[in-house]
Amino acid sequence: MKSPIAVVVLAAGAGTRMKSALPKVLHSVAGRPMLAHVLAAVARLKPARIVGVIAPGAEAVAKAFAPHPTALQKKPLGTGDAAKAALPALAGHHGPVVVIFGDAPLIRPATIQKLVAACRRAGAAVGVLGFRARDPSPYGRLIVKDGALEKIVESKDANAEEKAIDFSNSGVMCIAGTEIAAFLGAIGNDNVKSEFYLTDVVGIARAAGHRAIAVEGDEEEFQGINSRAELAIAERAMQQRLRNEAMAAGVTMLDPDTVWLSADTKLGNDVTIGPNVRFGPGVTVASNVRINAFCDIEGARIASGAIIGPFARLRPGSDVAEDVHIGNFVELKATRMRRGAKANHLAYLGDSDIGAASNIGAGTIFVNYDGYGKHRTVIGDDVFVGSNTSLVAPVKVGKGANVTAGSVITADVPPGALAFGRARQETKKGRAAPLRAKLQARAAAAKRGKGK
Ligand code: UD1
Ligand code: CA
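Residues numbered from 1 in each chain as written. Chains lettered and ligands numbered in written order. Predicted model: local features only at pLDDT ≥ 70, side-chain atom pairs only at ≥ 80, totals over all residues. Heavy atoms only, no water.

Student: Can you help me understand empty space enclosed by the protein in this one?
Tutor: Vacant regions in the atomic arrangement are exposed by a probe of water-molecule size rolled over the atoms. Taken as a whole and assessed by the stated rule, the structure comprises 1 cavity of 30 Å³ or more. In this model, the largest cavity occupies a volume close to 30 Å³. Taken together, Ile100, Phe101, Ala104, Ile107, Ser170, Gly171, Val172, Glu221 and Phe222 form the lining of the largest cavity. For the lining of the largest cavity, the secondary-structure elements that each account for two or more residues are strand 6 (96-101), strand 10 (167-176) and helix 8 (219-222). (1 Å grid on protein atoms, 1.4 Å probe; cavity = no way out; pocket = protein on both sides within 12 Å on 5 of 7 lines; lining within 4 Å. Points joined across faces, edges and corners; volume = space filled by probe spheres on them. Helix = DSSP H or I, 4+ residues; strand = E, 2+ residues; numbered from the N terminus.)

Student: Help me understand the coordination of the calcium ion (ligand 2), please; the structure alone is not making it clear to me.
Tutor: By definition of the ideal shapes, four donors in a tetrahedron about a metal sit 109.5 degrees apart, and six donors in an octahedron sit 90 or 180 degrees apart. For the calcium ion (ligand 2), every protein donor is listed as Asp103 (OD) and Asn226 (OD1), and the spread of their distances is 2.8 to 3.0 Å. With Asp103 in the loop between strand 6 and helix 4 (109-122) and Asn226 in the loop between helix 8 and helix 9 (228-248), the pair connects residues that are 123 residues apart, well separated along the chain. (Donors = N, O, S within 2.8 Å, 3.2 Å for Na, K, Ca; no water.)

Student: Looking at this model, I keep getting lost on the site of ligand 1. Mind explaining?
Tutor: Close contacts around ligand 1 come from 22 residues, with Ala12, Gln73, Thr79, Glu154 and Asn169 the closest. One of the backbone nitrogen or oxygen atoms of Leu77 is found 3.4 Å away from an oxygen atom of ligand 1. Backbone polar atom of Gly140 to an oxygen atom of ligand 1: 3.0 Å apart, as the coordinates give it. Relative to its unbound accessible surface of 760 Å², ligand 1 loses 89% to contact with the protein. Of all the secondary-structure elements, those providing two or more residues to the shell around ligand 1 are strand 1 (6-11), helix 3 (79-85) and strand 10. In terms of residue class, the shell around ligand 1 is built from 9 nonpolar, 10 polar and 3 charged. (Near = heavy atom within 4 Å. Polar contact = N/O pair within 3.5 Å; in protein donor to acceptor, adjacent residues only side chain to side chain. Areas by Shrake-Rupley, 256 points an atom, 1.4 Å probe, with all protein chains shown as cover. Nonpolar A, V, L, I, M, F, W, Y, C, P; charged D, E, K, R; others polar.)

Student: Help me understand the layout of surface pockets, please; the structure alone is not making it clear to me.
Tutor: The computed volume of the second largest pocket comes to approximately 350 Å³. If you trace the second largest pocket, you find 14 residues lining it, with Arg32, Arg44, Pro109, Arg241 and Glu245 closest to the centre. Those elements giving two or more residues to the lining of the second largest pocket turn out to be helix 1 (34-43) and helix 9. Top contributing element to the lining of the second largest pocket by residue count: helix 9, with 4 residues. Residues belonging to the lining of the second largest pocket are distributed by class as follows: 8 nonpolar, 1 polar and 5 charged.

Student: What is the right way to look at the nonpolar core in this model?
Tutor: One broad rule of soluble globular proteins: the nonpolar side chains tend to lie buried together. Counting residues in hydrophobic clusters, the biggest one holds 93 residues, and the most contacted among them are Phe279, Ile291, Ile302, Ile308, Leu314 and Ile326. Grouped together as the second largest cluster of nonpolar side chains are 35 residues, Val51, Val99, Phe183 and Ile204 included. (Core = buried A, V, L, I, M, F, W, Y, C linked by side-chain atoms within 4.5 Å. Buried < 20%, exposed > 50% of the residue type's maximum accessible area, 1.4 Å probe, protein only.)

Student: Please clarify how the side chain of Arg141 should be interpreted in this entry.
Tutor: One can find Arg141 in strand 8 (residues 141-145). For Arg141, which is buried and forms no salt bridge, the nearest opposite charge comes from Asp135, at a distance of 6.6 Å. Here Tyr139 takes part through its backbone oxygen, which lies 3.0 Å from a polar atom of the side chain of Arg141. Beyond its immediate sequence surroundings of up to four residues, Arg141 is in contact with Pro136, Lys151, Ile152, Val153, Ser155, Glu162, Lys163, Ile165, Phe167 and Ser168. (Lys, Arg positive; Asp, Glu negative; His and termini not counted. Salt bridge = Lys/Arg side-chain N within 4 Å of Asp/Glu carboxyl O. Contact = heavy atoms within 4.5 Å.)

Student: What's the story with helix 9 in this structure? I'm lost.
Tutor: For an α-helix, the turn length of 3.6 residues means that residues three or four places apart are oriented alike. The terminal C-alpha atoms of helix 9, which comprises 21 residues, lie 30 Å apart, in line with the 30 Å expected from a rise of 1.5 Å per residue. Positioned one or two residues after helix 9, Gly250 has a phi angle of 105°, which is positive. (Expected span 1.5 Å × (residues − 1).)

Student: Hey, could you run me through a nonpolar patch on the surface in this one?
Tutor: On the surface, a nonpolar cluster with roughly 410 Å² of combined accessible area is contributed by Phe294, Phe311, Phe329 and Leu346. In this fold, Phe329 is placed in strand 24 (residues 325-337). (Patch = residues over 30% accessible without salt bridge, like charges linked within 9 Å, V, L, I, M, F, W, Y side chains within 5 Å.)

The structure is reproduced here in structure tokens:
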């Protein structure tokens, strides 16, 4: 049996360059906090434990780590000091410890796995994931000699020769659980930043006669986020990845670069997505669904055969059954549309349940809010709601009922009934011409009066 691994996620840095009231690791990438991306990736390694390292007062970050425990780094004295804060929580753990940063959300589980496996194979006490950086200037450099990792030199401490090296530290490290306390304890802060560098464990391990290795990965996975500009770069990379995964799973995108997905977006095969569609968090789409251009969808479930948009907005709680049609400028919120129901044009359908095969006419509004509370509209199966109708909730329309166009419905309509909620029309034969003559004479008299 392989010894189990533990993971330490560092998230106590100040994150000053974000200029934000929100802790850096809680900023979202693809609709999910970057820390949640890192946690999802490490969870795939099935570690025996995950420990977060947070700054004092970072309750929101502790919450994002839950149910995993967190350790407190009292002052941001560097990554080495942060890792040390996790030691008490690692007591009794003897397997490999993966130390990873909370601000690099693009890391893939397989890559971390590759590092752990390489360390086990080589019997290395320290392993580091490295990459060839297009611009290595912000990164620590990996100094490799004869296939072994000798040390890591931080950019600010590097000499000219070391600065020329492009092999860079990703920040993901694997350290033998039996040695980690000794290694971290030996880190000093005699460097340009007067910080305790986690990266020093490489040199410390080597000096104590241990093996250290570097495993190469792809730069795309290791982009750290320190500023809003880097956040945007990571977002773009994550979107590209999610689009490619969706297309590989059988989704057609007419213009992939304009489709915005969330990390948890679930799309069935033979889903077709038009240009400029955004999926917020919590969307599940079954197979054979067409989503036309310019739709905004969040917190919604869409069943097979549905056609959505163009220009539709599905807000949280939308539950769209098989073969439903939702057309342009239709907004749904907390609304269930059952099989084959249609709302093809210009409607607001909030807090409601719409029965199978019912038709909601253009301009229909479910008046769900009275300024204080929200109320429900319940429409049975096979109901026809004529155009430009307001249904003032709470209200029910029974199965097979007809609501005539232009109605304001304030009372329940029983099954099979025909409801008029408008003034009755009066038509007066031959009265158009006399009315026009009267109006014309009046206008002429007014003009003469002005001329005097
Ligand atoms: C670090 C590495 C560098 C590597 C780069 C990769 C060190 C000394 N340097 O530099 O070699 O190339 O990441 O992106 O490790 N943190 C704490 N407490 C602290 C300081 C940092 O928890 O006192 C956490 C931060 O929240 C962050 C992570 O550690 O998640 C990295 O810190 P950061 O300051 O961004 O390190 P870099 O300067 O980018
Ligand atoms: Ca960083």
